[in-house]
Amino acid sequence: MKIKPIHNEADYNAALARVDALWDAEPGTSESDELEVLAVLIDNYEGDLGKMHAPESDPIKAITCFMEQRGL
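One structure accompanies this document, and this report is about it. Not measured: the values here are computed from a predicted model. (Residues numbered from 1 in each chain as written. Predicted model: local features only at pLDDT ≥ 70, side-chain atom pairs only at ≥ 80, totals over all residues. Heavy atoms only, no water.)

1. With respect to the side chain of Asp11
Within the secondary structure, Asp11 sits in helix H1 (residues 9-22). At 3.3 Å, the side chain of Asp11 forms a polar contact with the side chain of Lys4. Of the polar contacts made by the side chain of Asp11, one reaches the backbone nitrogen of His7; its length is 3.0 Å. If near-sequence neighbours (up to four positions away) are discounted, Asp11 is found in contact with Lys4, Pro5 and Ile6. (Helix = DSSP H or I, 4+ residues; strand = E, 2+ residues; numbered from the N terminus. Polar contact = N/O pair within 3.5 Å; in protein donor to acceptor, adjacent residues only side chain to side chain. Contact = heavy atoms within 4.5 Å.)

Structural data, given as structure tokens:
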């Protein structure tokens, strides 16, 4: 089992591919343990992405952020 943090899109895609390969792992095996750890890492990465892309609660800040992202 070679597990590492997910830092970017390439790491994320590799983790998803590994999860796909491990999906039918028998419970109690090292493969199922790897699947469980990868699921936690993926969930954490996806949660962090949501925080980075979540709209601001202040409408003015949301519009300003939108404009800055688009170079306006």
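2. Some remarks on the nonpolar core
One finds Ile6, Tyr12, Ala15, Val19, Leu22, Leu35, Leu38, Ile42 and Tyr45 forming the largest nonpolar core, which totals nine residues. When contributions to this core are tallied by element, the ones reaching two or more residues are H1 and helix H2 (30-53). Setting aside chain neighbours within four positions, we find Tyr12 in contact with Ile6, Ile42, Tyr45 and Glu46. (Core = buried A, V, L, I, M, F, W, Y, C linked by side-chain atoms within 4.5 Å. Buried < 20%, exposed > 50% of the residue type's maximum accessible area, 1.4 Å probe, protein only.)

3. As for the layout of surface pockets
Here the largest pocket is characterised by a volume of approximately 180 Å³. Lining of the largest pocket is provided by Lys2, Ile3, Lys4, Pro5, Ile6, Asp11, Ala14, Ala15, Arg18, Glu34 and Leu38. When contributions to the lining of the largest pocket are tallied by element, the ones reaching two or more residues are H1 and H2. It is H1 that provides the largest number of residues to the lining of the largest pocket, a total of four residues. Each residue belonging to the lining of the largest pocket can be placed in one class, and the counts come to six nonpolar, no polar and five charged. (1 Å grid on protein atoms, 1.4 Å probe; cavity = no way out; pocket = protein on both sides within 12 Å on 5 of 7 lines; lining within 4 Å. Points joined across faces, edges and corners; volume = space filled by probe spheres on them. Nonpolar A, V, L, I, M, F, W, Y, C, P; charged D, E, K, R; others polar.)

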